[in-house]
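# Overview (structure and organization)
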Amino acid sequence: MRTIVLLKQVPEAGEVAFDAETRRVRREGVALQLNPFDRRALLEALRLRAEVGGQVTALSMGPPQAEAVLREALGLGVDRAVHLCDPGFAGSDTLATARVLAAALVRLEFDLILAGRYSIDSETGQVPPELAGLLGVPFLPGVRRLAVEREKDGGGLCLSAECETDEGWWQSATAPPVIATCTDRWASRIPRILPDRQRAENGEVERWTLSECGLLASEVGGVGSPTAVGLLRPVSVQREGQRLVFDEDEDRALTALTAELGRNAVGLLQRDRTARPGHLPVAQIEGSILVVGETARDGRLLPVCGELLGIADGLARELGVGVSFLLLPAMRISGDGADLTPDLAQLGCLGADVVIVPSGGVGAEHWVATLERIVIEQPPGLILGPATLLGRSLLPVLAARRGLGMTGDAIGIELDEGGQILALKPAFGGQIVAPIASRTVPVVATLRPGIAEPIRPDPDRHAAQRVFIAAGDGLPLLFPPVLADGAEVDAGGAALESARIVVCVGYGLGEAALPLAVALARTLGAELSATRRVCDIGWLPRQRQVGLSGRSIAPQVYLALGVRGSFNHTVGIGRAGRILAVNRDAAAEIFAVSDLGIVGDAAGVARRLLDRLKRGPG
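Here's a quick rundown of the structure. (Residues numbered from 1 in each chain as written. Predicted model: local features only at pLDDT ≥ 70, side-chain atom pairs only at ≥ 80, totals over all residues. Heavy atoms only, no water.)

## Some thoughts on the pattern of salt bridges
Tallied over the entire structure, the rule returns 28 salt bridges. The residue Arg2 makes a salt bridge to Glu109 at a minimum N-O spacing of 3.3 Å. Taken together, the positions of Arg2 in strand S1 (residues 2-7) and Glu109 in the loop between helix H3 (94-108) and strand S8 (112-116) put the pair 107 residues apart, joining distant regions of the chain. Of the residues examined, Arg2 reaches a relative accessible area of 35% and is grouped as partly exposed. Between Arg448 and Asp409 there is a salt bridge, with its nearest N and O atoms 3.6 Å apart. Within this pair, whereas Arg448 is found in the loop between strand S25 (443-447) and strand S26 (465-470), its partner Asp409 is found in strand S21 (residues 406-410), the two being separated by 39 residues in sequence. (Salt bridge = Lys/Arg side-chain N within 4 Å of Asp/Glu carboxyl O. Helix = DSSP H or I, 4+ residues; strand = E, 2+ residues; numbered from the N terminus. Buried < 20%, exposed > 50% of the residue type's maximum accessible area, 1.4 Å probe, protein only.)

## As for the sheet that holds strand S12 (residues 178-182)
Read from one edge of the open sheet, 10 strands run S13-S7-S6-S1-S8-S12-S9-S10-S11-S27, paired in mixed fashion. Strand pairing shows two members of the sheet lacking a second neighbour, strand S13 (206-208) and strand S27 (482-487), which therefore form its edges. Neighbour-to-neighbour, the strand axes of this sheet turn through a mean angle of 25°, independent of strand direction. Inspection of the sheet shows strand S9 (residues 139-150) paired to strand S10 (residues 157-164) by seven bridges, in the antiparallel sense. Bridged to Arg145 within S10 is Glu162. (Pairing = 2+ DSSP bridges. Axes fitted to C-alpha atoms, helices over the stretch in contact; angles between N-to-C directions.)

## Some thoughts on the sheet that holds strand S28 (residues 501-505)
In sheet architecture, strand pairing relies on hydrogen bonds along the backbone and comes in two forms, parallel and antiparallel. With parallel pairing, the six strands of this open sheet are ordered in space as S16-S32-S31-S30-S28-S29. Edge strands, defined here as strands with exactly one partner in the open sheet, are strand S16 (242-245) and strand S29 (527-530). Averaged over all adjacent pairs, the angle separating strand axes in this sheet is 20°, with direction ignored. As paired elements, S28 and S29 share four bridges and run parallel to each other. Residue pairing across strands places Val505 opposite Ala530, the latter belonging to S29. Contacts from helix H14 (residues 514-524) reach S28, S29 and strand S30 (557-561) within the one sheet, and its direction differs from that of S28 by about 180°. Of the strands in this sheet, S30, strand S31 (578-583) and strand S32 (596-599) are in contact with helix H17 (residues 602-615), which crosses S30 at around 130°. (Contact = heavy atoms within 4.5 Å.)

## Focus: the nonpolar core
Counting residues in hydrophobic clusters, the biggest one holds 59 residues, and the most contacted among them are Leu6, Leu59, Leu84 and Leu131. Residues in contact with Leu6, not counting those within four places in the same chain, are Asp38, Leu59, Leu101, Leu105, Ile113, Leu114, Ala115 and Leu131. (Core = buried A, V, L, I, M, F, W, Y, C linked by side-chain atoms within 4.5 Å.)

## A word on the state of the cysteines
Here is the idea: a disulfide is a covalent bond, and it sits between the sulfur atoms of two cysteines. All told, the structure shown has zero disulfides when counted by the stated rule. Not engaged in a disulfide, the cysteine Cys535 finds its nearest cysteine sulfur in Cys504; these two sulfurs lie 8.5 Å apart. (Disulfide = S-S within 2.5 Å.)

## What about the environment of Gly54?
Here Gly54 is to be found in the loop between helix H1 (36-52) and strand S6 (55-61). Take Gly54: its relative accessible area is 46%, and that puts it in the partly exposed class. Taking the C-alpha atoms as reference points, Gly54 and Asp79, separated by 25 residues in sequence, lie 9.4 Å from one another. Filtering out sequence-adjacent residues up to four positions away, Gly54 remains in contact with Met1, Arg49 and Asp79.

## Some remarks on the side chain of Ser594
Mapped onto the elements of the fold, Ser594 is located in the loop between S31 and S32. The residues touching Ser594, leaving out its near neighbours within four places in the chain, are Arg239, Glu240, Gly241, Ile579 and Ala581.

## Overview of unusual backbone geometry
Peptide bonds are trans in most cases, and residues, glycine excluded, mostly fall at negative phi. Cis geometry is adopted by the peptide bond preceding Pro177, which originates at Pro176 and carries an omega value of 0°. Here Pro177 lies in the loop between strand S11 (168-174) and S12. The omega torsion of the bond from Val441 to Pro442 falls at 0°, within 30 degrees of zero and hence cis. Inspection of the secondary structure puts Pro442 in the loop between strand S24 (432-438) and S25. We note that Glu109 has phi near 70°; this positive angle belongs to a residue other than glycine.

## Some remarks on the packing of aromatic side chains
For any pair of aromatic rings, geometry is given as the distance between the ring centres together with the angle between the planes. Scanning the model with the defined rule gives two aromatic pairs in all. Centroid distance Tyr507 to Trp539: 5.5 Å. Interplanar angle 15°. Geometry classified as stacked. Linking Tyr507 in the loop between S28 and H14 with Trp539 in the loop between helix H15 (532-536) and S30, this pair joins segments that are 32 residues apart in sequence. Here Arg107 stacks its cationic end above the ring of Trp208, 3.9 Å away from the centre of that ring. (Phe/Tyr/Trp six-rings, centres within 6.5 Å; stacked < 30°, edge-to-face > 60°. Lys NZ or Arg CZ within 6 Å of the ring centre and 35° of its normal.)

Fair warning: the whole summary comes from geometry, so function is off the table for now.
Right under this line is the structure:
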């Protein structure tokens with residue numbers, strides 16, 4: 001089997017510095033590393049080769065120093081290393097990068113392309129699905145288990161995959177070729193490989209330039225990129241850093257905790273306005289703000305739909321345009337789909353003027369074809385979708401096929417002084433925000449759930465108008481059929497993004513005290529979250545994990561119980577209103593990012609806090 005692993009060299013996020021004068025990231029002297037998610041993909045490729053045979057090629061695009069990750073891959077045992085390196089590649093955005101990689105991949109030939117779920121610097125995760133759109137190859141997102149078998153008749157290979165979803169998992173099987181992104185949580189056993197230093201130092205790294213890839217300079221680099229990054233903005237949240245020792249003054253510590261929790265339990269700030277009054281006299285999609293919505297497994301609108309419609313409503317007011325809405329079923333991005341009957345009255349109350357209903361087919365290929373037809377015949381000004389499994393998979397494919405600029409996992413959308421739409425993209429673990437402009441229309445962006453306030457429904461607003469859009473079946477298979485799927489967590493996991501209060505369980509709390517955290521969350525009307533280690537050992541489901549490889553949340557108050565506070569975890573809580581932490585270790589990293597820190601046994605403090613909350617005031 002011919003496997004190609006996509007590798008990226010990234011700076012260590014914790015060491016990145018921001019230059020306030022130039023408003024750029026200072027990379028000089030910053031340690032570089034192989035993207036951790038890509039390392040998982042590399043080790044998985046080597047495991048598969050050991051089982052079924054074949055060849056593993058490491059492929060990386062980057063400046064000369066990026067050769068280091070390819071030499072590391074040679075030392076781990078890859079058969080071939082190819083470095084795409086040319087001054088013309090500099091400044092390439094995700095789509096321009098995908099074009100370069102696609103050209104090289106066609107030349108190399110492959111059965112399986114493996115890549116990390118995303119890179120820890122830009123955190124986009126867009127390049128693999130854009131490659132799927134450019135190459136017409138099926139895409140498997142978020143793979144955590146992968147097996148390759150020979151068909152019973154001794155014929156070709158069959159790849160069986162288990163993929164993580166927002167609510168659980170799904171299984172799929174397909175024949176090569178296929179593109180897959182790897183999570184950092186593999187169910188299969190990753191081999192322990194001792195690096196061969198001599199091969200790493202002396203092995204051949206092929207260098208391909210623009211001409212070897214067969215591309216024009218106008219297709220790559222800054223010139224060929226449909227997006228442009230503006231001046232970076234630092235993200236600086238000042239924390240009070242108050243510290244109390246529980247054993248020295250228990251009453252004061254508990255009083256401080258209850259005061260913080262009481263102050264933030266009043267309710268989430270609501271928008272002062274409801275949706276724009278009235279609706280468009282005609283069902284007009286062109287020039288509108290098109291929101292791609294999604295349902296939960298039970299058919300209800302996901303909470304992020306209200307957030308997307310709230311942002312769309314604000315932009316529509318400023319631009320003087322309407323809001324159109326396309327509803328897609330959740331979870332299964334292929335297969336039989338679902339019979340969706342949009343509630344026109346409900347969506348009208350939330351600000352939608354037009355509801356688009358795909359007709360003539362089901363499945364991801366049909367949905368992308370529907371969006372393509374809209375873009376060609378009635379282009380909206382902005383397509384805004386959720387940064388869910390579905391949104392992160394479909395919209396990059398659309399952007400690649402139509403050559404559109406896209407920003408993934410944005411935390412906001414705004415207009416500059418000239419009225420141009422800017423998507424605000426966090427990077428380097430949320431330390432900076434980059435305003436990204438698109439040179440193409442429509443602008444495409446996905447928004448992180450829980451980042452915006454949902455719009456308040458207006459019961460007096462007219463129902464939305466329904467428009468049927470039929471699209472042909474011209475697209476190749478984008479996502480292999482789902483053979484089985486299941487949920488691993490109740491709706492509470494998804495509710496983390498919109499929770500006012502979140503109680504986080506760290507390993508330092510101890511498994512025996514987990515019921516205390518559950519009871520505390522129930523008493524506070526809070527949602528329960530966890531660190532990666534807690535999820536890895538099975539105390540709580542993976543969908544409740546917060547951090548770099550989990551969810552990014554913005555509650556009004558975040559209570560961390562026994563959480564050490566590594567960088568990989570705290571990047572997921574940087575937008576929290578108030579951070580309260582309890583840890584017996586006075587030197588725990590979590591205190592450096594907390595407003596109130598209690599030095600004490602997390603289980604003991606949780607027990608006493610729960611008792612006080614149950615007693616009530618006085």
